[in-house]
Amino acid sequence: MDFDMVAAALRQDAADVATYARVLTVTLADVLPPGSVEVEYERSLSDRLKGREGHPSRIVVRLGERTLFLAGGGRPVAEIHHEVRGVVLSRDQVTLDVWVQALARELVAQADASARAAEALRRLVAGT
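Each residue is numbered by its place in its chain's sequence as written, counting from 1. Note on the predicted model: pLDDT of at least 70 is required for a residue's local features to be given, and 80 or more for side-chain atom pairs to be given and counted; whole-chain, interface and lining totals, by contrast, use all residues. Heavy atoms throughout the structure, all of them, feed into the side-chain values; hydrogens and water do not.

### Quick look at the pairing of strand 2 (residues 55-63)
Put simply, the test is: Pairing between two strands requires that DSSP report at least two bridges joining them. Comment: elements are numbered from the N terminus, with helices defined as DSSP H or I runs of at least four residues and strands as E runs of at least two.
As paired strands, strand 1 (residues 37-42) and strand 2 are joined by six bridges and run antiparallel to one another. Residue pairing in the sheet places Glu40 in a bridge with Arg58 of strand 2. The pairing of strand 2 with strand 3 (residues 66-71) spans six bridges and is antiparallel. Paired with Leu63 across the strands is Arg66, a residue of strand 3. Following strand 2, the chain reverses through two residues before pairing antiparallel with strand 3; Gly64 in that reversal takes a positive phi of roughly 65°.

Given below as structure tokens:
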């Protein structure tokens, strides 16, 4: 799987945290190991009263020793943590582009290990 094509497809879908939440939990569900993506929601009083889940406000992607955080708001805040056995060894705040590249690298590595993951990435790149 071509890293540049995956990164370009992820950038294309990079409108906001809600879009990434949808891409990571629906489109790429076959690529990512179960439980590796956590989406946190911000719920207004209206959301609570109507039983809605609210709007995605933060995404946490755990892949191996890397944990990628993306928080919404006016301007997305992206962080990449290097963790070993639950201990954070480094924490870097990065640009959205660097975050997308790190995510794409991890997704390509997952695809290299699994034919099913490779097919899901091909669908992402093709836009289907």
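Further notes follow.
### Structural notes on the environment of Ala113
As for its position among the elements, Ala113 is in helix 4 (residues 96-113). Between the C-alpha atoms of Ala113 and Val31, which are 82 residues apart in sequence, the distance is 9.8 Å.

### Overview of the confidence of the model for the chain
The criterion, for reference: Confidence of the predictor in every single residue is expressed as pLDDT, which spans 0 to 100.
Per-residue confidence for the chain gives a mean pLDDT of 79, with 80% of residues at or over 70. Mean pLDDT across the elements of the chain ranges from a minimum in helix 1 (residues 3-12), with 64, to a maximum in strand 5 (residues 87-94), with 94.

### Comments concerning the packing of helix 4 against helix 5 (residues 115-126)
Short version of the rule: Think of each axis as a best-fit line through the C-alpha atoms, taken over the contacting stretch in the case of a helix, with angles from 0 to 180 degrees between the N-to-C directions. Geometric relationships in this document are graded by angle, where less than 35 degrees denotes roughly parallel, more than 145 denotes roughly antiparallel, 65 to 115 denotes roughly perpendicular, and other angles denote oblique. Rotating anticlockwise by less than a right angle from the far helix to the near helix defines a left-handed crossing, while the corresponding clockwise rotation defines a right-handed one. In this description, contact between two residues means that some pair of their heavy atoms is separated by no more than 4.5 Å. As a working rule, the residues Ala, Val, Leu, Ile, Met, Phe, Trp, Tyr, Cys and Pro are called nonpolar, Asp, Glu, Lys and Arg charged, and the rest polar, with Gly in that last group.
Where helix 4 contacts helix 5, the two axes come as close as 5 Å, and the packing angle between them is 135°. Between helix 4 and helix 5, the angle is such that the two are oblique. Remark: the crossing between helix 4 and helix 5 carries left-handed chirality. Contacts between helix 4 and helix 5 involve Leu107, Val108, Gln110, Ala111 and Ala113 from the former and Ala115, Ala117, Ala118 and Leu121 from the latter. For the contact of helix 4 with helix 5, a count of residues per class yields eight nonpolar, one polar and no charged.

### Some remarks on the pairing of strand 3
Direction of pairing for strand 3 relative to strand 4 (residues 77-84): antiparallel, over a ladder of six bridges. Among the inter-strand pairings, Ala71 is bridged to a residue of strand 4, identified as Val77.

### Side note on the sheet that holds strand 2
Spatial ordering of the open sheet is given by 1-2-3-4-5, a layout of five strands whose pairing is antiparallel. Each end of this open sheet is capped by a strand with a single partner; those strands are strand 1 and strand 5. When the angles between neighbouring strand axes are averaged without regard to direction, this sheet yields 15°. Strand contacts of helix 4: strand 2, strand 3, strand 4 and strand 5, with the helix running at about 135° to strand 3, the strand carrying the most contacts.

### Thoughts on helix 4
Put simply, the test is: By definition here, a helix of n residues has an expected span of 1.5 Å times n minus one. Burial classes follow relative accessibility: with a 1.4 Å probe on protein chains only, a residue under 20% of its type's maximum area counts as buried, one over 50% as exposed, and anything between as partly exposed.
For helix 4, spanning 18 residues, the distance from its first C-alpha to its last is 26 Å, which sits close to the expected 26 Å at 1.5 Å a residue. Considered for burial, the residues of helix 4 that qualify are Trp99, Val100, Ala102, Leu103, Ala104, Glu106, Leu107, Val108 and Ala111.

### Notes on the nonpolar core
Our working rule: Buried Ala, Val, Leu, Ile, Met, Phe, Trp, Tyr and Cys residues that are joined via side-chain atoms within 4.5 Å together make up what is termed a nonpolar core.
One finds Leu24, Val31, Val61, Leu68, Trp99 and Leu103 to be the most contacted residues of the largest nonpolar core, which totals 25 residues. Of all the secondary structure elements, the ones that give two or more residues to this core are helix 2 (17-27), strand 2, strand 3, strand 4, helix 4 and helix 5.

### With respect to unusual backbone geometry
Despite not being glycine, Arg85 has its phi angle at roughly 50°, a positive value. Of note, Arg85 is situated in the loop between strand 4 and strand 5.

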